[in-house]
Amino acid sequence: MKIAVACEGEMVTEHFGHCQNFNIYDIENAKILKVESIANPGHKPGFLPVFLYDKGVNIIMSGGIGGGAIEIFNEKNIEVVTGANGDSTKAVEMFLSNQLKSTNSICNQHKHGC
């Protein structure tokens, strides 16, 4: 399984599309095997969900995310987890131990905050 976290460096960002990078975690048996950071290739409507799908991502985590992106992720059977914050590795570890649940935070405006 692969979990992508929308980040500013190592910290979870509040708005998925405007993140600086994605930290992508390879997970097996609820353990992190590998972490890769890739730059956000650009915020264009509908582009990032397909980009992450093509990277093999199964779950996307962010502080918040727009409704259009959520729809595309849902169409591609990628689970969306919103409400994450703080250090991205800690957020993934909390998710894997069922201590982090999605808040279903949807960004309604194209601003950095939701």
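Everything in this summary refers to the structure shown in the same document. (Residues numbered from 1 in each chain as written. Predicted model: local features only at pLDDT ≥ 70, side-chain atom pairs only at ≥ 80, totals over all residues. Heavy atoms only, no water.)

### Some details on the pattern of salt bridges
Across all of its chains, the model carries one salt bridge by this definition. The residue Lys2 makes a salt bridge to Asp26 at a minimum N-O spacing of 3.9 Å. Of this pair, Lys2 sits in strand S1 (residues 2-8) while Asp26 sits in strand S3 (residues 21-28), and the two are 24 residues apart along the sequence. A relative accessible area of 26% means that Lys2 is categorised as partly exposed. Taking relative accessible area as the criterion, Asp26 reaches 18% and is therefore assigned buried. (Salt bridge = Lys/Arg side-chain N within 4 Å of Asp/Glu carboxyl O. Helix = DSSP H or I, 4+ residues; strand = E, 2+ residues; numbered from the N terminus. Buried < 20%, exposed > 50% of the residue type's maximum accessible area, 1.4 Å probe, protein only.)

### Considerations on the packing of aromatic side chains
Here the structure, examined in full by the defined rule, presents three aromatic pairs. Between the aromatic rings of Phe16 and Phe22, the centroid separation amounts to 5.7 Å while the plane-to-plane angle is 55 degrees, which identifies the pairing as tilted. Across the pair, Phe22 and Phe16 agree in class, each one buried. Note on Phe16 and Phe73: the rings are 5.6 Å apart at their centroids and 75 degrees apart in plane angle, and the pair reads as edge-to-face. Highlighted residues: Phe16 in the loop between strand S2 (11-12) and S3 and Phe73 in helix H2 (residues 67-75), separated in sequence by 57 residues. According to the relative accessible area criterion, Phe16 is buried, its value standing at 4%. Phe73 sits in the buried class, given a relative accessible area of 0%. (Phe/Tyr/Trp six-rings, centres within 6.5 Å; stacked < 30°, edge-to-face > 60°.)

In short, geometric facts, not functional conclusions.
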